[in-house]
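The chain contents come next:
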Amino acid sequence: MGRLFLGVDGGQSSTKAVIGDESGRILGQGAGGPCNHVGAAEGRAKLVGAVTACLQMACEAAGLDPNGVRFRAACFGMSGGPADKQAILAEILPADQLVVTHDALIALSGATAGEPGIIAIAGTGSIAFGRNASGRTARAGGWGYVFGDEGGGFDITRQALRAALRLEEGWGSPTRLLQDLLAATGSPDANDLLHRFYTPEFSRPDVAAFSKLVDAAARDGDEVATKILEEAAGHLAALVASVRQQLFKRGEAVRVSHVGGVFRSDVLRARFHAIVEGTEGNRCAPPVYSPAIGALLEAYRAAGIRTQLE
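Being a predicted model, the structure only gives us computed values, none of them experimental.

Asker: How do you make sense of the packing of aromatic side chains when you look at a structure like this?
Answerer: To describe a pair of aromatic rings, one takes the distance between the centres and the angle between the planes. The tally for this structure, following the rule as stated, stands at six aromatic pairs. Ring geometry for phenylalanine 5 and tyrosine 300: centres 4.7 Å apart, planes at 45°, overall tilted. You can see phenylalanine 5 sitting in strand β1 (residues 4–10) and its partner tyrosine 300 sitting in helix α12 (residues 291–302), a full 295 residues away along the chain. Here phenylalanine 5 matches tyrosine 300 in class, with each residue buried. By way of ring pairs, the aromatic residues Phe197, Phe202 and Phe210 are connected into one cluster.

As structure tokens, then:
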């Protein structure tokens, strides 16, 4: 079958693997559980289990023996960073060349089919990442929910709760966000809701998921909700502008893509496009491939192979 290549997207909710041959033909794909944290023994077991499961599924789809396969190059893009995963993956994966990197790089590579460009990622948090024609990379954002992640789902919900608290205290603008948040959480008042959000009852992704309420309110004409989403779009566009300034010349053509649940909002997405494309040379375009395919492209890149996927 010739030399084999592997790309893996290791995320907070699932792990996805893609196997390709040296001609760029995708042979098989597989999925497993989450594998983003390995600090404790149970985290290591979760990582090994998720990678093993998705690799076995991809091998079976490709007609390969998972116990006898060896890869010319493999790339793992990991949520939560690569530093604590390199050694573990090197132990369990038979590969001549192993690249363990962060999820933003493989998201960019997939979105632009390996070409230069910028990607904005906004789910629970937010980050922008780019790479230019010379291979130089840059980032902006991604500093976590306490000190950063502007424009991400958690931040949008935080702004909605702030607006709700101001309204309840009598110094905020009218908005349905207060009643929507209370109804969605079963809280009797904003004080109870606020304190529940500080407890383990609501994880950061749980809190971020309430950003959908903000989008629904904005679609129905709630001015406060609309302002929150438009400001979030402005933050995300500012991250893109920062990356562009670091990597590309003034007026140079740059493809800008975006991924993440926040961009499902028509209000936010339209405002983001308007701001980003207001800069000469920028062009917003949907992702070409998934992050897992992006990881496969990075595996080819690491081996010095440029190929068109089939």
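Asker: Just checking my understanding: could you explain helix α7 (residues 190–197) for this structure?
Answerer: Owing to its 3.6 residues per turn, the α-helix aligns residues three or four sequence positions apart on the same side. Those residues of α7 that fall on the buried side of the exposure criterion are Ala190, Leu193, Arg196 and Phe197. An end-on view of α7 places all buried positions within 125° of arc, on one side of the element. Check the buried side of α7 and you find it contacts α5 (153–169), α6 (177–185) and α8 (204–209). Its side-chain oxygen at 3.2 Å from the backbone nitrogen of asparagine 191, aspartate 189 defines the N-terminal cap of α7.

Asker: Where do I start with the environment of aspartate 65 in this structure?
Answerer: As for its position among the elements, aspartate 65 is in the loop between α1 (41–62) and β4 (71–78). In this structure aspartate 65 comes out as partly exposed when scored by relative accessible area, which is 46%. Each C-alpha atom of the pair aspartate 65 and arginine 271 lies 49 Å from the other, and the pair is 206 residues apart in sequence. Within polar-contact distance, the side chain of aspartate 65 engages the backbone nitrogen of asparagine 67 at 2.9 Å.

Asker: Which parts of the structure should I look at to understand the sheet that holds β1?
Answerer: Strand pairing in a sheet relies on backbone hydrogen bonds. The paired strands run either parallel or antiparallel. With mixed pairing, the five strands of this open sheet are ordered in space as β3-β2-β1-β4-β5. Looking at which strands have only one partner, the edges of the open sheet turn out to be β3 (26–32) and β5 (95–102). Taken over all neighbouring pairs, the strand axes of this sheet differ in orientation by 15° on average, direction set aside. Looking at chain direction, β1 and β4 are connected through six bridges and run parallel. Along β4, the bridge assignment pairs aspartate 9 with glycine 77. Packed on one face of the sheet, α12 meets β1, β2 (15–21), β3, β4 and β5 and runs near 135° to β1.

Asker: Any chance you could explain unusual backbone geometry here in plain terms?
Answerer: One non-glycine residue, alanine 113, lies in positive phi territory at about 55°. If you trace the backbone, alanine 113 turns up in the loop between α3 (103–111) and β6 (117–122). Residue classification places alanine 113 among the partly exposed residues on the basis of a relative accessible area of 29%. Positive phi, close to 60°, is recorded for aspartate 149, a residue that is not glycine.

Asker: What exactly am I supposed to notice about the layout of surface pockets here?
Answerer: The rolling of a water-molecule-sized probe over the atoms marks out the regions of remaining empty space. Approximately 380 Å³ is the volume attributed to the second largest pocket. Lining the second largest pocket are 14 residues; nearest its centre among them are Phe154, Arg158, Leu194, Phe197 and Tyr198. Sort the elements by how many residues they give to the lining of the second largest pocket and α5 lands first, with six residues. A class-by-class count of the residues in the lining of the second largest pocket yields nine nonpolar, two polar and three charged.

Asker: Just checking my understanding: could you explain the packing of helix α10 (residues 223–247) against helix α11 (residues 266–276) for this structure?
Answerer: Axis separation between α10 and α11 bottoms out at 8 Å; the angle between their running directions is 40°. Taken together, the axes of α10 and α11 are oblique relative to one another. As α10 runs across α11, the sense of the crossing is right-handed. Listed contacts from α11 to Thr226, Leu229, Glu230, Ala232, Ala233, Gly234, Leu236, Ala237 and Val240 of α10 are Val267, Leu268, Arg271, Phe272, Ile275 and Val276. Broken down by class, the residue content of the contact of α10 with α11 amounts to eleven nonpolar, two polar and two charged.

Asker: I'm lost on a nonpolar patch on the surface in this one. Help?
Answerer: Together, Trp143, Tyr145, Val146 and Phe147 make up an exposed nonpolar region whose accessible area comes to about 520 Å². Residue placement: tyrosine 145 occurs in helix α4 (residues 144–147). Residue class for tyrosine 145 comes out partly exposed when judged on its relative accessible area of 34%.

Asker: Just checking my understanding: could you explain the environment of valine 262 for this structure?
Answerer: Looking at the element boundaries, valine 262 is found in the loop between β9 (254–259) and α11. Expressed as a C-alpha distance, the spacing of valine 262 and glycine 125, which sit 137 residues apart in the sequence, is 9.4 Å. When sequence neighbours within four positions are dropped, the list of residues in contact with valine 262 reads Ala122, Gly123, Gly151, Gly152, Gly153, Ile156, Leu236 and Leu268.

About the cut-offs
- Residues numbered from 1 in each chain as written.
- Predicted model: local features only at pLDDT ≥ 70, side-chain atom pairs only at ≥ 80, totals over all residues.
- Heavy atoms only, no water.
- Phe/Tyr/Trp six-rings, centres within 6.5 Å; stacked < 30°, edge-to-face > 60°.
- Helix = DSSP H or I, 4+ residues; strand = E, 2+ residues; numbered from the N terminus.
- Buried < 20%, exposed > 50% of the residue type's maximum accessible area, 1.4 Å probe, protein only.
- Arc of directions from axis to C-beta.
- Contact = heavy atoms within 4.5 Å.
- Polar contact = N/O pair within 3.5 Å; in protein donor to acceptor, adjacent residues only side chain to side chain.
- Pairing = 2+ DSSP bridges.
- Axes fitted to C-alpha atoms, helices over the stretch in contact; angles between N-to-C directions.
- 1 Å grid on protein atoms, 1.4 Å probe; cavity = no way out; pocket = protein on both sides within 12 Å on 5 of 7 lines; lining within 4 Å.
- Points joined across faces, edges and corners; volume = space filled by probe spheres on them.
- Nonpolar A, V, L, I, M, F, W, Y, C, P; charged D, E, K, R; others polar.
- Parallel < 35°, antiparallel > 145°, perpendicular 65-115°, else oblique.
- Left-handed = near helix turned anticlockwise from the far one by under 90°.
- Patch = residues over 30% accessible without salt bridge, like charges linked within 9 Å, V, L, I, M, F, W, Y side chains within 5 Å.
- Areas by Shrake-Rupley, 256 points an atom, 1.4 Å probe, with all protein chains shown as cover.
- Salt bridge = Lys/Arg side-chain N within 4 Å of Asp/Glu carboxyl O.

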